[in-house]
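Residue-level listing of the chains:
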Amino acid sequence: MSTHWALRFIHSLYIIIISITASIQRRKRRHPHPLDVQRSKIPKHLCLNLVASDNTSSEETETAFLQCLQRVAAWCRVFGIETLTAYDRDGVLAGCSERARKCVFAANEDPEDSCESEVEYPLTPPLSEPSGSRPQSPNRETLPVELSVITMESSARVHKRRNVAVRRRPKTTSVSTTLTLHLISRDSAKPAIASASRSLLGGCVNSVMMSRTTMPSGIDYSLSIAELGSMLEAGLPPPDFMIIHHVGGMKTPCPPLELHGFPPWQITLTEIHRTLPDDSREYGPSSSKSHRTAALISETAFCRALDEYAEARFRLGR
Amino acid sequence: MGLLALLQSPLTYMKTQLTHLLLDIIATGPVPRHIAFEMDGNRRYARRQGKEGREGHGDGFNTLLGVLQLCLRLRIKCVTIYAFAIENFNRPKEEVDSLMKLAEERLVEIAESGEMLDKYGVRLNVLGKRDLLPPNVQAAVEKAESMTRHNNSATLNVCAPYASQHEITTAVESAIREAIDAGDLDGSTITEHTLNSHLSTSLAGSPPLDIFVRTSGVKRLSGFLTWQCNEDTQIHMVDTYWPEFGLFNLVPILLEYQRKVWAEERKCSSTSQLYRTGNEKELGDRKEREW
């Protein structure tokens, strides 16, 4: 009994210390560089890992996820990030992929920004089927793999107006920003690797059956990392950087981060960042008084994440 | 000098007793079944001390023994450490040779002295692509494993040389071979659970991974246990270099684990309460949010 109270005391002391430390860190924390400041290093492939909350309804979750996706896609275009993967464990975004496509590829420019740039979008691209991949294996045939990845691509020509003081008519330059969007869920993770395994087995069986009339026993099967990697990464290449964002907000002190089922093959060298609760003070509309409003990812949170990525050092085992 | 030693002796004794008391109190609450450490920062620690980078590995090993003792005192069933990555063979030859020599000496030392491992009944397993190791190190590995094979209270997995993609590939290969041998030609028996059972940690009898710790402030997994830690595992990226990691880094990690377990118990308890009181609307809303 006394050890039970002793443990409760230790936990209470821990919460007090952590809260004080968090408060001090909040005060000392620098504001991140703004969006328009160039960073020394930018990820080519960014992943947004969105985490739902128990306290928001499914409609609010879907709306919040779409709004976060729309914001991050727009910021990716500003930085020239070419590939964006949006992950949520339960496949909320994959389930509303048509809305996601419209959010990302058919959004209008903010009227306040129209004097700075004009973005012309081509016709909204068709939705791809949930992708499988047919790996290029020169030695044996393999069957299609169900990777559960929805991929969309678009390119936009961004016209930037540069105002020069001595000239009457401002000059324009244009930069092409292609954005590839992958929508994935837990089905793209361990189940996809299982699907790849079944496909490899099927291919092996087909190869052997084509050369023999019956299936021999004791086949010495071997698989290389390159072969399995080419199957899995054909549908979903590894992201350079992952931002984890909790749309339900997080209680302070913040719990340790988790990956919520993200594909284990592709995350080997991915730099991981989780948004801070203080940076996510923008809330979406709530449809119900009983449910907490969703916390959208803010520009501050995104900039802080990119600042952290720019400072990361990659030694690659050396 | 003698007076200093005399004074230090009771202080060390008191420090040890207080540490044991703290750990015993923490162990009255939920304790993780399996904790993994990516022991990063040995070289940077050594350079900060004005030494050669590779000299940090000796300090790192001493820290490992200390942390292992803390975990065993807490009755944590399984500890997995990332001792050497397959990619680490890219390091300068001098450093790789020095690491292999350290590995050979320490493996034999751990197994032969036996005090800690035998006291806590720890079985040592070395996981990874062992054929990449020099023959003398492979012999030391086999000796250390055979000397602790009879222990079954706890497990220490030493991943060396290891990479998650290699482990996953080996698991897939092994699952396919098993399906062929069983006559399952359409692969219906190959699921994520099948693959999980073919991972080296599962084959070593390790429970699911509850906590993953990486030291030195790096915010990547770098190919360590990516399958095992991708869900329901708390991940701690600690700024401290590994040789400086100790009790006061470990305690907050354990307390956070306990908070998670208690939060989940409260959630289960309130869901059961909803069933008992027949609060169908609230139950329906909660199920909708979960699924």
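Being a predicted model, the structure only gives us computed values, none of them experimental. Sequence order as written defines the numbering, with residues in each chain counted from 1. Ligands are numbered from 1 and chains lettered from A, in the order in which they are written. pLDDT decides what is reported in this predicted model: residues at 70 or higher carry local features, side-chain atom pairs at 80 or more are listed and counted, and totals for whole chains, interfaces and linings draw on all residues regardless. Neither water nor hydrogens contribute to the side-chain values; these are computed over all heavy atoms in the structure.

## Some words on the confidence of the model for chain B
And then number 1: Scored by pLDDT, chain B comes out at a mean of 88, with 89% of its residues at no less than 70.
And then number 2: Among the prediction metrics, the complex's ipTM stands at 0.88, with pTM recorded as 0.86. Confidence of the predictor at the level of single residues is captured by pLDDT, which takes values from 0 to 100.

## Examining the packing of aromatic side chains
The description of two aromatic rings rests on the distance between their centres and on the angle between their planes.
And then number 1: Stacked, tilted and edge-to-face are the three classes applied to pairs of Phe, Tyr and Trp rings, where Trp contributes its six-membered ring and a pair requires centres within 6.5 Å; stacked means planes under 30 degrees apart, edge-to-face means over 60, and tilted covers the rest. Counted under the stated rule, the structure contains 12 aromatic pairs over all chains.
And then number 2: Both rings, one in A:Trp75 and one in A:Phe302, keep their centres 5.1 Å apart while their planes meet at 35°; by these two values the pair is tilted. Of this pair, A:Trp75 sits in helix α2 (residues 58-79) while A:Phe302 sits in helix α7 (residues 299-311), placing them 227 residues apart in sequence.
And then number 3: Each residue is placed in one exposure class: buried if its accessible area under a 1.4 Å probe, protein chains only, is under 20% of its type's maximum, exposed if it is over 50%, and partly exposed if it falls in between. Of the residues examined, A:Phe302 reaches a relative accessible area of 0% and is grouped as buried.
And then number 4: Between B:Phe84 and B:Phe89 the ring centres are 4.9 Å apart and the planes differ by 75°, which places this aromatic pair in the edge-to-face class.
And then number 5: What makes B:Phe89 partly exposed here is its relative accessible area of 28%.
And then number 6: Of the aromatic side chains, those joined through ring pairs into one cluster are B:Tyr82, B:Tyr162, B:Phe212 and B:Phe224.
And then number 7: Just above the ring of A:Tyr309 sits the side chain of A:Lys41; from NZ or CZ to the centre is 5.3 Å. Helix and strand assignments follow DSSP, with helices taken as H or I runs no shorter than four residues and strands as E runs no shorter than two, numbered in order from the N terminus. Throughout this description, the term charge over a ring refers to an Arg CZ or Lys NZ atom that lies within 6 Å of the ring centre and within 35 degrees of the ring normal.

## Structural notes on the interface of chain B and chain A
And then number 1: Contact with chain B, which involves 59 residues of that partner, is made by 64 residues of chain A.
And then number 2: Contact between chain B and chain A buries roughly 5300 Å² in total, counting both sides, with carbon and sulfur atoms accounting for 59%.
And then number 3: Salt-bridge detection follows one rule: a side-chain nitrogen of Lys or Arg within 4 Å of a carboxyl oxygen of Asp or Glu. Counting across the chain B and chain A interface gives eight salt bridges.
And then number 4: Salt-bridge contacts for A:Lys190 lead to B:Glu231; the nearest nitrogen and oxygen are separated by 3.7 Å.
And then number 5: Here a polar contact is recorded for every N or O atom pair within 3.5 Å, except that within protein the pair must consist of a potential hydrogen donor and a potential acceptor, and residues adjacent in sequence are included only if both atoms are side-chain atoms. Here chain B and chain A share 23 residue pairs in polar contact (both at pLDDT 80 or more) between them.
And then number 6: For the side of chain B that touches chain A, the elements supplying multiple residues, two or more each, are α1 (2-26), α2 (42-48), α7 (164-181), α8 (192-197), α10 (226-229), β6 (234-237), α11 (247-277) and α12 (280-290) of chain B.
And then number 7: Residue contributions to the side of chain B that touches chain A peak at 10 residues, all from α7(B). Throughout, a contact is declared for two residues whenever any of their heavy atoms are within 4.5 Å. In this description, buried area is defined as the sum, over both parts, of the accessible area (probe of 1.4 Å) that is lost when the two are combined.

## Describing the pattern of salt bridges
And then number 1: Taken as a whole and assessed by the stated rule, the structure comprises 30 salt bridges over all chains.
And then number 2: The shortest N-O distance in the salt bridge between B:Lys93 and B:Asp97 comes to 2.7 Å. In this pair, B:Lys93 and B:Asp97 are both assigned in helix α4 (residues 93-113), four residues apart and thus about one turn of the helix distant.
And then number 3: Overall, the relative accessible area of 61% leaves B:Lys93 in the exposed class.
And then number 4: B:Glu145 is paired through a salt bridge with B:Arg130; the nearest N and O atoms lie 2.9 Å apart. With B:Glu145 in helix α6 (residues 135-148) and B:Arg130 in the loop between β3 (122-127) and α6, this residue pair connects regions lying 15 residues apart in the sequence.
And then number 5: Classification of B:Glu145 by relative accessible area gives buried; the value is 9%.
And then number 6: Classification of B:Arg130 by relative accessible area gives partly exposed; the value is 24%.
And then number 7: One network of salt bridges, with partners in common, ties together A:Arg89, A:Arg186, A:Lys190, B:Glu192 and B:Glu231.

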